[in-house]
Every structure is written in structure tokens, then in C-alpha cells.
Amino acid sequence: MDHGTAELEKINISDENEVKSLKDVDSNRPFRRQAFVSMGSFLLSFSAGATAGISAIIIPQLLHEEGRHKYSTEMMSWVAAMSSLALLFGNMISGYLMERFGRRMSQIILSMFYISGWLIIGFSTNIYFMLVGRFITGFCQGWLGPLGPVFIGEISSPAYRGLFLAGLSLSIASGVFMSHLFGTFLHWSHASILCALFPLLGCVTLYFSPESPSWLASKNDIDKCKKSFYWYRGNSLVMQNELDKMLAEYEKKKEVKPKWETLKDNIQKPEFWKPLCIMIVFFIVTQLSGINVICAYTTDIMKVLIGNNKNTYTAMLATDILRVVALITACILLRRIGRRPLAIFSGVFTTLSLITLSIYLYLVEKRIIRHISPLISLGLMAIYIVVSNLGISPLPWNMVGEVFASETKGLGSGISVMMTSMAFFGTVKTAPAMFHSIGHHGTYLFYGLSTLCGTVFLYFFLPETRGKTLLQIAEHFRYGNKEKSKESNNHCV
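### Considerations on the overall build of the protein chain
Here is step 1: The secondary structure content of the protein chain amounts to 23 helices and 0 strands.
Here is step 2: Residue burial in the protein chain is summarised as follows: out of 493 residues, 56% are buried.
Here is step 3: Pairs at least 24 residues apart make up 81% of the contacts formed inside the protein chain by residues separated by at least 6 positions.
Here is step 4: Surface exposure of the protein chain reaches about 21500 Å², of which carbon and sulfur atoms provide 65%.

In C-alpha cells, the structure reads:
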């Protein structure tokens, strides 16, 4: 447990500079501890990114292996989409498991399944075993979807929450890059085995970490809750005030009711259904912007944008690096700008980049422009990658861990991520058919118009959550612009 700045008064030190130095060191401990534990969730998110990206390596290698069966486009689409199909089933159990076993223990169990899935892929001798492994890793990806943001949202201070939650998206992008990097130089089986290292290291990190204080409070384990809270947050006056409010909220909810009746009461509250509607739309818009289609079919997409089969892997890795850089920038901007303006900016320019790329590819196809220019096509794709990963790609995962009240966090985040899993599967599975039927230009036009509609919705309904405690965010949805909500905001950290 941290001793806090109040403990310094017990130390007889004459040198004021030394006292100031001790305070500064003490104030940094919560950040370091939150960062260390968050790294466990980040490593699991690395594996989630690798799950999304490895198909871009497996598919071309399978198609070009000599002495093997020739696989159809339909079968290859299943290799890409099998993990996204399994997402839905992972989402279904995620909320229950995080409430039943806790946020930390659920992630430890999850890591075991993740490791087994990667090893099945790596040692598979036919495509059907590979599909089983892809299903397991996709199942884990769906399981992690609501779990990671909820855990990090509960253990992190309001000042750091945006940074750590954005780090989840950065980790996913880094996982995509690492899977592509492994597959560029190694056989897909060896690359898959290496990807199993991510959940293994994440499991070790989380094993030595305390449980979420909010979950412990919900189980009425007050002593462990306080110990965990102080370990993660310190015991400054501001943090002590937040702990007291959290415990007071749970104290009010001790009234004994049947679980179904409690659930019925909770889902009728505006602090549940308002953020639920916003997050469902936000997640679906993210998928319909084509983010994960690019990850799953990167090599095929690069062949079209470059105009030949040369340098596709180089272009793929360059795109991955650009995605990681954009997400690092997003982590920085989230602390300075906030969620809402970044979402609107990203939505507008993602729309423009997709529609512009669509028009350019249409002109090339109709021979109005004789030859495709990789400088233009890749430049437009680069703009799309940057602006989408500045906002609409990371923000839903960032906000799903903070917009729901504690008692409905598991249910709300589970439903939200379940909807994005359905949209994920739909976009990845249908992408090859769309490329074939309406062309790449028609597909990008569809994604651009979908993003435009979603951005209009977010402009009118998406709230700002930057710098607010979880209780203040819940009160915003509960009271709207009423005076009580304004008074609560005066205590914003």
C-alpha cells in the first residue's frame, strides 16, 4: 500500500527540497503501478491484434504452397472470417465471467485459451485444424473485447484513464504489425507459435497484480477493495474522496432483490440505455469504416493499390507502422483534446479519404486515368489509416470501459462489443464478395458513406468523458443537463 503525502508529515526532514522530492516519487507510484498492470491487458490485446492480422499472412502462403490443395475464395474467406465469427460467442460469456470470477482472474483464464489456440494453428496439419485454432483465438478476442477496457477503466485514475484505454487500441495495432512482421520472414506456422508468447507474458503480469477494487466492492469485500484501491491509486485526498463515493454507492445497492429484478431495474435506467445506444452505433460505425477489412486482406488490397504484386509486403508493413504511429499520437491527443472532438475530426476525414480513394480507383477502372499511380493510391490509403486510427478506431474501445455505471458495466460492455463482433464478421466475410461484385472503388464508397452517417450521429449524441470519474459519467447520463449533474461536475478531477 502507498503511504501517500500525509505520511510525509511523520518524517522529520529539515530540507524542504528533499520533502518535495519524496512527494514527487510517491505521486508517481500509482502511475507506474497502473502502467505495469495495464501492460498485462496490453499483451493480451497484442494477441487480439495478431488474431486479426495473421490471416493476411496465412492466406497468400496457403495459396502459393506447392504440393498442396488449391483452396477456393470461399474457403480463404473463412480463414479470414472464422475468428470474427467466434467473437460473438466470446462476447456472450465475457460479461458473466468478469462478474463471476473478477476482471483479473478472467484475463488469466483467457490467456490459457489464447495460448492453446495459437499452438493449434501453429501445429495444424490441415486447414480444418487451422480453422479450429482460428475459432479459439477469435473466441478469446471476443472474450477480451469488453473485459480489457472494463478492467483498465476501473484500476486507472481519471487523469491516466484515457491514456491507458487508448493503449489497448495501440496494442491491437502493434499486434497486427507483429503478426505481419513474423509472417513476412517466417512460415505461418512458426509465426503463429511466436504469437502465443503475447498471452503467456500477459498471464504472468496479471498473476502478480491485485483485483479490480470496483469488483471487490461489488462483492462486499471492503477490506480487499481498500487495499487494492490504495495500491493502484495511492491515498491522496482526491483518491480517498473517490473511494468513499464508490463505497457509498455500493452501500446504497445492498437492498436485497432477486437478481432478475435488480437487472430489470438497472436496464431501465438512463445511465444504462443511453450509453448503450451510443456505443452500439459507435462500434458498428468503426467496423463499417473498413478498419478490420484492411487488416485481414492487406496483401490483396496492396496489390490493387500498387498495380502489381511487387513490394506488397513492404507496403503492408509500412501501413502497419503508420497505424501504430497514428495510435501513439491518439494516446497523446486524448489527454489534451478529449474524446468528442477527436471522434468528429476522425469521422469527417475518414469519410473524405475513403470517398476520394473510391473516386480515384473508379477513374482508373474506367480508363479515364490510364495508369494507377501508387503515390496517389497509397497516399490516400495512408491518410485513411492515420485519420481513422486517430479517433473512430480506438475511441469505442476507450469509452466502453468508462461510460457504463459499475453495476451494468459487464452487461453494457458485453452487448456493445457483441454488436461490433457481428459487424466485424459481416464486413470481413463479405469483403471478398464486395470487391468482386462492386469493385474496390464501390466497396470504399460504401465504407465512406457508412462512416459519414455514423459521424453525424456522434456529433449529436456523443458526450465528453475526459477527466471525469466513473461516477460523474454515470450522473451525466442519469441527470443530463440538470443542476445536480452540474454540481457533480464541479468535483471533477
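### Here we look at the side chain of Ser157
Here is step 1: With respect to the helices, strands and loops of the structure, Ser157 is situated in the loop between α5 (127-155) and α6 (158-185).
Here is step 2: Once you skip the residues sitting within four places of it in the chain, Ser157 turns out to touch Gln34, Arg233 and Met239.

### A few points about the packing of aromatic side chains
Here is step 1: Summed over all chains, the structure comprises 18 aromatic pairs.
Here is step 2: For the ring pair Phe89 and Phe135, a centre distance of 5.9 Å and an interplane angle of 45 degrees mean the geometry is tilted. Note that Phe89 is positioned in helix α3 (residues 73-101) and Phe135 in helix α5, a separation of 46 residues in sequence.
Here is step 3: Residue classification places Phe89 among the partly exposed residues on the basis of a relative accessible area of 38%.
Here is step 4: Assessed through its relative accessible area of 28%, Phe135 is described here as partly exposed.
Here is step 5: Over the ring of Phe101 we find Arg100, and its NZ or CZ is 5.0 Å from the ring centre.
Here is step 6: Of note, Arg340 hangs over the ring of Tyr459, and the distance from its end group to the ring centre comes to 5.4 Å.

### Notes on the packing of helix α4 (residues 103-123) against helix α8 (residues 197-207)
Two packed helices can be described by the angle between their axes and the distance between those axes.
Here is step 1: Their axes nearest at 9 Å, the elements α4 and α8 cross at an angle of 160 degrees. It follows from the interaxial angle that α4 and α8 lie roughly antiparallel. As α4 runs across α8, the sense of the crossing is left-handed. Taken together, the residues of α8 that come into contact with α4 (itself represented by Arg104, Gln107, Ile108, Ser111, Met112, Tyr114, Ile115 and Trp118) are Pro199, Leu200, Cys203, Leu206 and Tyr207.

### What about the pattern of salt bridges?
When charged atoms on two side chains of opposite charge get close, those side chains can pair.
Here is step 1: One pass over the structure, following the stated rule, counts 4 salt bridges.
Here is step 2: When the shortest N-O distance is used, the salt bridge between Glu154 and Arg103 registers 2.9 Å. In this pair, Glu154 is assigned in helix α5 and Arg103 in helix α4, connecting sequence segments 51 residues apart. Taken individually, Glu154 and Arg103 each receive the classification buried, so the pair is uniform in this respect.
Here is step 3: Close ionic contact of Asp320 with Arg323 constitutes a salt bridge, the shortest N to O distance being 2.8 Å. One end of the pair, Asp320, and the other, Arg323, are both in helix α16 (residues 312-336), 3 residues apart, so they sit about a helical turn from each other. Pair check on accessibility: Asp320 and Arg323 agree, each one buried.

### Regarding the environment of Pro463
Here is step 1: Tracing the chain through its elements places Pro463 in the loop between α21 (439-461) and α22 (470-479).
Here is step 2: A sequence separation of 123 residues divides Pro463 from Arg340, and the C-alpha atoms of the two residues are 6.4 Å apart.
Here is step 3: Discounting residues that sit within four places of it in the chain, Pro463 has contacts with Ile278, Arg340, Met399, His476 and Phe477.

### Looking at a nonpolar patch on the surface
Here is step 1: There is a patch of nonpolar side chains on the surface, built from Leu445, Leu449, Leu452, Val456, Tyr459, Phe460 and Phe461 and spanning about 690 Å² of accessible area.
Here is step 2: Positionally, Phe461 belongs in helix α21.

### Section: unusual backbone geometry
Phi is mostly negative for residues that are not glycine, and the peptide bonds are mostly trans.
Here is step 1: In this structure, Asn220 is a non-glycine residue whose phi angle is positive, near 65 degrees.
Here is step 2: Mapped onto the elements, Asn220 comes out in the loop between α9 (213-218) and α10 (222-233).
Here is step 3: Its identity as a non-glycine residue notwithstanding, Arg367 has a phi of 65 degrees, on the positive side.
Here is step 4: Position of Arg367 relative to the elements: it lies in the loop between α17 (339-365) and α18 (374-390).

### Topic: the packing of helix α2 (residues 55-64) against α3
Here is step 1: Taken N-terminus to C-terminus, the directions of α2 and α3 make an angle of 155 degrees; their axes are 9 Å apart at the nearest point. Compared by their axis directions, α2 and α3 come out roughly antiparallel. For the crossing formed where α2 meets α3, the hand is right-handed. Of the residues in α3, those touching α2 at Ser55, Ile58, Ile59, Leu62 and Leu63 are Met76, Val79 and Ala80.
Here is step 2: A per-class count over the contact of α2 with α3 returns 7 nonpolar, 1 polar and no charged.

### What about the confidence of the model for the protein chain?
Low-pLDDT portions of the prediction should not be read for the details of their coordinates.
Here is step 1: Looking at the protein chain, the pLDDT average stands at 83 and 87% of residues meet or exceed 70.
Here is step 2: Confidence drops under pLDDT 50 across residues 1-26; counting only partners more than four residues distant or on other chains, this segment forms 24 contacts.
Here is step 3: Within the model, pLDDT remains below 50 along residues 483-493, and this stretch shows 20 contacts once partners closer than five positions in the same chain are excluded.

### Here's the deal with the environment of Phe425
Here is step 1: Checked against the element boundaries, Phe425 lands in helix α20 (residues 409-437).
Here is step 2: Linking Phe425 and Gln287, residues 138 residues apart in sequence, is a C-alpha distance of 9.2 Å.
Here is step 3: Setting aside its immediate chain neighbours within four residues, Phe425 contacts Trp78, Ala81, Ser84 and Leu85.

### Quick look at the side chain of Thr465
Here is step 1: Turning to its location among the elements, Thr465 is positioned in the loop between α21 and α22.
Here is step 2: Residue class for Thr465 comes out buried when judged on its relative accessible area of 1%.
Here is step 3: What Thr465 contacts, discounting residues up to four positions off in sequence, is Arg161, Arg339, Met399, Glu402, Val403 and Ile473.

Reading guide: rules and limits
- Residues numbered from 1 in each chain as written.
- Predicted model: local features only at pLDDT ≥ 70, side-chain atom pairs only at ≥ 80, totals over all residues.
- Heavy atoms only, no water.
- Helix = DSSP H or I, 4+ residues; strand = E, 2+ residues; numbered from the N terminus.
- Buried < 20%, exposed > 50% of the residue type's maximum accessible area, 1.4 Å probe, protein only.
- Contact = heavy atoms within 4.5 Å.
- Areas by Shrake-Rupley, 256 points an atom, 1.4 Å probe, with all protein chains shown as cover.
- Phe/Tyr/Trp six-rings, centres within 6.5 Å; stacked < 30°, edge-to-face > 60°.
- Lys NZ or Arg CZ within 6 Å of the ring centre and 35° of its normal.
- Axes fitted to C-alpha atoms, helices over the stretch in contact; angles between N-to-C directions.
- Parallel < 35°, antiparallel > 145°, perpendicular 65-115°, else oblique.
- Left-handed = near helix turned anticlockwise from the far one by under 90°.
- Salt bridge = Lys/Arg side-chain N within 4 Å of Asp/Glu carboxyl O.
- Patch = residues over 30% accessible without salt bridge, like charges linked within 9 Å, V, L, I, M, F, W, Y side chains within 5 Å.
- Nonpolar A, V, L, I, M, F, W, Y, C, P; charged D, E, K, R; others polar.
- pLDDT = per-residue confidence, 0-100.

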